[in-house]
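Listed below, chain by chain, are the residues.
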Amino acid sequence: QFIKASVVSRRLRASGATELLVHTGQHFDQNMSDVFFTELGIPQPDFHLGVSGGNHGEQTGRMLERVEQVLIDTAPDWVLVYGDTNSTLAGALAAAKRHLPIAHVEAGLRSFNRRMPEEINRVLTDHLATVLFAPTDTAVENLRREGLADRTHLVGDVMYDCAIEYGRVVDARTTQLSAMALRPGEYVLATIHRQENTDSLERLSAILSALATVARDVAVVLPLHPRTRRFVAEHGLADLLAPLRVIDPVGYLDMVMLERGARLIATDSGGVQKEAYFHGVPCVTLRDETEWVELVTAGWNRLAPPTCASAVLQALRDGLTSRPPAQSGELYGGGQASARVVDALLTVPRG
């Protein structure tokens, strides 16, 4: 969400509007929070609520309480929320309770899996929001089916704006590949952070076992999420990491460099799935379903439910040997999503 906010915030402030940025504290690791503000030029938060850790209900409840106080103190014209995190839902709930208009960037995504915390967050936020900024035609159709068409604006994907804007500077501002002695097209990049994988011994073992097997033939780079690292240590899975190039989480620009140079990306992240497409890299999604269904339809993404190591391994091998289709059309808009979001915020009635 920091990355999405960076391009919108820049345009919003350039318009002359006053923006108050609230950091809930949900991501508190330096490599998963502070580095984004430094690298992407995001203004320092006006409010830092310091809410981190705890179960979903506990974390969301504490955020709700503290965000509400900010809204009482500042009385904003709009409350702008991004994506599908607990912070997203807490911000939307607090605004709805205060009868403040809500704008949701990246509205309309659906995995149709209510066991995913992100699915609950995004559905509830959409139904609370005053204005819904949808990134794709599929998202627009999802919102129409839920009776929300009159609130919906198709703007494109702000992450594509980011890919264009930061892609221009990444070569000059990161040496990640050379520092790791990696050559473009000669490694697999993997990311694993989603709770359904990191809290399941069966699923995480299947993923790591498959990656370890692939690593016999091609290097596998794994920036290790803190949640994944804890689970690996608690369940004695360290041996499965030994064949991999395990590194700490990296900043956005370093991640872009790793993504652009990869031969294949294996991930359970929604954002990384899209970034793989932006950079022309095939992707294997380590989940049972994806909210970015258009990438599967287009042949750029293949689903690999991590129910067993052999299934994941086959998907990875298919991804390494199959030629991706040509990139045709603009699935995610023309890189003007952030401008459309800001234009709408300045012109759409708030009632």
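In this report, the structure presented in the accompanying data block is examined. (Residues numbered from 1 in each chain as written. Predicted model: local features only at pLDDT ≥ 70, side-chain atom pairs only at ≥ 80, totals over all residues. Heavy atoms only, no water.)

1. What about unusual backbone geometry?
Positive phi outside glycine occurs at E106, with the angle close to 80°. By secondary structure assignment, the location of E106 is in the loop between β4 (102-105) and α5 (117-128). Backbone geometry at A181 places phi at a positive 55°, although glycine is not the residue there. Relative to the elements of secondary structure, A181 occurs in the loop between α9 (176-179) and β7 (187-191). (Helix = DSSP H or I, 4+ residues; strand = E, 2+ residues; numbered from the N terminus.)

2. Focus on the pattern of salt bridges
Overall, the coordinates contain 20 salt bridges when judged by the stated rule. With its nearest N and O atoms 3.3 Å apart, the salt bridge here joins K274 to E106. Of the two residues, K274 is situated in helix α15 (residues 270-278) and E106 in the loop between β4 and α5; the sequence distance between them amounts to 168 residues. Taking relative accessible area as the criterion, K274 reaches 1% and is therefore assigned buried. On the accessibility criterion, E106 (9% relative accessible area) is buried. Salt-bridge contacts for R145 lead to E141; the nearest nitrogen and oxygen are separated by 3.6 Å. With R145 and E141 both in helix α6 (residues 137-145) and 4 residues apart, the pair spans about one turn of that helix. When its relative accessible area of 29% is taken as the criterion, E141 is described as partly exposed. By sharing partners, the salt bridges in this structure join D84, E119, R122, R287 and E291 into a single network. (Salt bridge = Lys/Arg side-chain N within 4 Å of Asp/Glu carboxyl O. Buried < 20%, exposed > 50% of the residue type's maximum accessible area, 1.4 Å probe, protein only.)

3. Here we look at the side chain of E291
Tracing the backbone shows E291 in the loop between β11 (283-285) and α16 (293-297). Polar side-chain contacts of E291 include one of 3.2 Å to the side chain of R122. Here E291 is in contact with L109, R110, S111, R122, R194 and G270, once residues within four sequence places are set aside. (Polar contact = N/O pair within 3.5 Å; in protein donor to acceptor, adjacent residues only side chain to side chain. Contact = heavy atoms within 4.5 Å.)

4. Examining the pairing of β7
Most of β7 sits out of view: 5 of its 5 residues are buried. Pairing of β7 with strand β8 (residues 219-223) involves 3 bridges; the strand directions are parallel. Across the sheet, L189 pairs through a bridge with V221, a residue of β8. Pairing geometry for β7 and strand β10 (residues 264-267), over 4 bridges, is parallel. (Pairing = 2+ DSSP bridges.)

5. Quick look at the sheet that holds β10
Ordered in space as β9-β8-β7-β10-β11-β12, the 6 strands form an open sheet in which the pairing is parallel. Looking at strand neighbours, the two that pair on one side only are β9 (245-247) and β12 (301-303), the edges of this open sheet. Each adjacent strand pair in this sheet contributes to an overall mean axis angle of 20°, direction not counted. The strands that helix α14 (residues 252-261) touches are β7, β9 and β10; relative to β7, the one it contacts most, it runs at about 135°. (Axes fitted to C-alpha atoms, helices over the stretch in contact; angles between N-to-C directions.)

6. A short note on the packing of aromatic side chains
Counting across every chain of the model gives 7 aromatic pairs. Look at Y277 and Y332: their rings are 6.1 Å apart centre to centre, the planes differ by 70°, and that puts the pair in the edge-to-face class. Residue Y277 is found in helix α15, and its partner Y332 is found in the loop between α17 (309-321) and α18 (337-347); the two are separated by 55 residues along the sequence. Relative accessible area serves as the criterion here: at 7%, Y277 is assigned to the buried category. Residue classification places Y332 among the buried positions, given a relative accessible area of 2%. By the ring-pair criterion, three or more aromatic residues cluster together here, those being Y160, Y277, F278, W292, W300 and Y332. (Phe/Tyr/Trp six-rings, centres within 6.5 Å; stacked < 30°, edge-to-face > 60°.)

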